[in-house]
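Observations on the model geometry
The residues making up each chain are set out below.
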Amino acid sequence: MTDDLEERLRAADPTTSADSTRPASSWVADLVAATMNDQSSVKSRRWRVPAAAAAIMVLGLGGYAIAQNGQDTTDPRASNSARPLELAIAGAGTSLSSCVPFSVDVLAEMPVAFSGTVVEVGEGTVLLSVDHWYRGGATEQVEISSPDLSTVSLDGAVSFSDGKRYLVTATNGVVNVCGFSAEWNADTAAAFDEAFT
Amino acid sequence: MHDRGELFEELAFEVAEPLRRYVARRTDPDTVQDVVADTFLVLWRRLDDVPESGALSWCYAVARLCLNNAQRAQRRQRGLLARVAMLDAPRSETAPDDSVADIELHEALSRLSEDDRELLRLWAWESLTPTEISTVLGISANAVSIRLHRARKRLLAQLATPAGNAHDPPGHREVQERRPP
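Predicted model, so just to flag it, every value in this text is computed and none were measured. (Residues numbered from 1 in each chain as written. Chains lettered and ligands numbered in written order. Predicted model: local features only at pLDDT ≥ 70, side-chain atom pairs only at ≥ 80, totals over all residues. Heavy atoms only, no water.)

**Comments concerning the overall build of chain B**
Looking only at helices and strands, chain B has eight helices and zero strands in total. If you list the helices and strands of chain B from N to C, you get α-α-α-α-α-α-α-α. Across the 181 residues of chain B, 45% fall into the buried class. Restricting the contact set of chain B to residue pairs at least 6 apart, pairs at least 24 apart contribute 67%. (Helix = DSSP H or I, 4+ residues; strand = E, 2+ residues; numbered from the N terminus. Buried < 20%, exposed > 50% of the residue type's maximum accessible area, 1.4 Å probe, protein only. Contact = heavy atoms within 4.5 Å.)

Encoded structure:
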């Protein structure tokens, strides 16, 4: 249904039909020349570019990987619930360019999903107390650790702080970002409820 | 090693056409040229600040501010003209061609908030990812993902709702009609 909507919206793009006859080369060179010869009209203006968003884009390179720890993470119910499920931050290096647009349909495919509160922040580790397993787990706690201590708080805008509550999903050993894991908020929680019920 | 002029020219050719389309989707044809020219002036002045990756999203963010400025100026001018009773009806932005336009969709879009419309346009027309949209709008990628999801739901709801009932938010009437047992 969402794909249909996207297709329908794209078809309604007002610039796709009548607008594509004029090649960019016919006007860009003129505009470039005019621009470089005329800086006066913008000197008094101030432009604020969303630096915070840019920082997220630059820093948001870390992915999480679940440390398998001898367990089959696709079915953690088999593990001892008294022992935390162990996750690890893989460190910087993977790209966010594979970010999938958030949708409940995609969320519903996640094999591991829970909400939990950070109860301990150690050196390169974060321990979450799980208050609800939406899918794929039964442990009372989840521990996230990082081989690269500098990346603990990084990733696509998820940073773990003591006492705060989070919604987390993981697939194939990787904790998902791009909106699929986040600090707990009513919007995301509603999406989780919709996806996993 | 490129000099500044060469770098700008390279960037300009890379972003010019997507930028022109971005502006053309959001305003009338007369304004497009001015806004693109203003945007280029800012890019030239701020060339050192353009990020190596994600340059186009950054340029959209600049174009968005230029467009807002142009529209503010137009509103001021219209206000002035209205006071002397000489105002033509303002032209609608991106007026769809009636012969091909999905009127139902445009009407449904017009009933959404401007924030929802802009998210949907950036997603469907500019084909941006949530991270790229976050650069344009200056909000977090997580917020983009959630708001986009909700905007799509609201658009679907509007498409499923007859125009006359469109202002009742989904679920609202259901709550009103619920009776105690």
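**Remarks on helix α4 (residues 103-110) of chain B**
Those residues of α4 of chain B lying buried are Leu-105, His-106, Ala-108 and Leu-109 of chain B. Seen end-on, α4 of chain B carries its buried residues on one side only, within an arc spanning 160°. (Arc of directions from axis to C-beta.)

**Points about the packing of aromatic side chains**
Evaluation of the coordinates by the stated rule reveals seven aromatic pairs over all chains. Where Tyr-134 of chain A meets Phe-192 of chain A, the ring centres are 5.1 Å apart and the plane angle is 65°; that geometry is what we call edge-to-face. On the criterion of sequence distance, the pair formed by Tyr-134 of chain A in strand β4 (residues 125-135) and Phe-192 of chain A in helix α5 (residues 186-195) is long-range, its members being 58 residues apart. Taken individually, Tyr-134 of chain A and Phe-192 of chain A each receive the classification buried, so the pair is uniform in this respect. Among the aromatic residues, ring-to-ring pairing joins Tyr-134, Phe-192 and Phe-196 of chain A into one connected group. Looking at Arg-26 of chain B, its charged tip hangs above the ring of Tyr-22 of chain B, at a distance of 3.9 Å from the centre. The ring of Trp-123 of chain B has Arg-152 of chain B lying over it, and the distance from NZ or CZ to the ring centre is 4.7 Å. (Phe/Tyr/Trp six-rings, centres within 6.5 Å; stacked < 30°, edge-to-face > 60°. Lys NZ or Arg CZ within 6 Å of the ring centre and 35° of its normal.)

**As for the environment of Thr-161 of chain B**
Residue and element names in this part refer to chain B. Along the chain, Thr-161 falls in the loop between α7 (141-160) and α8 (172-177). A relative accessible area of 26% means that Thr-161 is categorised as partly exposed. Spatially, the C-alpha atom of Thr-161 lies 8.8 Å from that of Ala-108, the residues being 53 residues apart in sequence. In terms of polar contacts, Thr-161 uses its side chain to reach the backbone carbonyl oxygen of Ala-157, at 2.5 Å. (Polar contact = N/O pair within 3.5 Å; in protein donor to acceptor, adjacent residues only side chain to side chain.)

**A look at the environment of Lys-153 of chain B**
Secondary-structure assignment places Lys-153 of chain B in helix α7. Here the side chain of Lys-153 of chain B touches Glu-194 of chain A through a polar contact of 3.0 Å, side chain to side chain.

**Here's the deal with the pattern of salt bridges**
Per the counting criterion, the structure on display carries 18 salt bridges over all chains. A salt bridge links Glu-6 of chain A to Arg-10 of chain A; its shortest N-O distance comes to 2.8 Å. Of this pair, Glu-6 of chain A and Arg-10 of chain A both sit in helix α1 (residues 2-11), four residues apart, which is roughly one turn of the helix. Overall, the relative accessible area of 18% leaves Glu-6 of chain A in the buried class. We note a salt bridge from Lys-153 of chain B to Glu-194 of chain A, for which the minimum N-O separation is 3.0 Å. Placement of the pair is Lys-153 of chain B in helix α7 and Glu-194 of chain A in helix α5, with the two residues belonging to separate chains. A relative accessible area of 41% places Lys-153 of chain B in the partly exposed class. A single network of salt bridges, built from pairs that share partners, joins Asp-13 of chain A together with Arg-25, Arg-26, Glu-114, Arg-117, Glu-118, Arg-121 and Glu-126 of chain B. (Salt bridge = Lys/Arg side-chain N within 4 Å of Asp/Glu carboxyl O.)

**Let's talk about the packing of helix α6 (residues 130-137) of chain B against α7 of chain B**
Residues and elements named next belong to chain B. Close contact between α6 and α7 brings their axes to 8 Å; oriented N to C, the two are set at 105°. If you check the angle between α6 and α7, you find them roughly perpendicular. Residues Pro-130, Thr-131, Ile-133 and Ser-134 of α6 lie in contact with α7, whose contacting residues are Ala-141, Val-144 and Ser-145. Of the residues that constitute the contact of α6 with α7, the class distribution is four nonpolar, three polar and no charged. (Axes fitted to C-alpha atoms, helices over the stretch in contact; angles between N-to-C directions. Parallel < 35°, antiparallel > 145°, perpendicular 65-115°, else oblique. Nonpolar A, V, L, I, M, F, W, Y, C, P; charged D, E, K, R; others polar.)

**Quick look at a negative patch on the surface**
Side chains of Asp-3, Asp-4, Glu-7, Asp-105 and Glu-109 of chain A sit close together on the surface and give a patch of like negative charge. Per element, the largest residue contribution to the negative patch is three residues, and it comes from α1 of chain A. (Patch = residues over 30% accessible without salt bridge, like charges linked within 9 Å, V, L, I, M, F, W, Y side chains within 5 Å. Areas by Shrake-Rupley, 256 points an atom, 1.4 Å probe, with all protein chains shown as cover. Lys, Arg positive; Asp, Glu negative; His and termini not counted. Charge placed at Lys NZ, Arg CZ, Asp CG, Glu CD.)

**Comments concerning the nonpolar core**
Within the largest apolar cluster, 52 residues are counted, with the highest numbers of intra-cluster contacts made by Leu-9 of chain A together with Leu-19, Val-23, Phe-40, Leu-43, Leu-120 and Leu-155 of chain B. Membership of the second largest hydrophobic core comes to 16 residues, among which are Val-104, Tyr-134, Leu-167 and Phe-196 of chain A. (Core = buried A, V, L, I, M, F, W, Y, C linked by side-chain atoms within 4.5 Å.)

**Quick notes on the packing of helix α1 (residues 4-24) of chain B against helix α2 (residues 29-45) of chain B**
Residues and elements named next belong to chain B. Closest axis-to-axis distance for the α1/α2 pair is 10 Å, and the angle between their directions is 150°. Classified by the angle between their axes, α1 and α2 sit roughly antiparallel to one another. The hand of the α1/α2 crossing is right-handed. Only Val-32, Val-35, Val-36, Thr-39, Phe-40, Leu-43, Trp-44 and Arg-45 of α2 make contact with α1, whose side of the interface consists of Arg-4, Gly-5, Phe-8, Ala-12, Val-15, Ala-16, Leu-19, Arg-20, Val-23 and Ala-24. When its residues are assigned to classes, the contact of α1 with α2 shows 13 nonpolar, two polar and three charged. (Left-handed = near helix turned anticlockwise from the far one by under 90°.)

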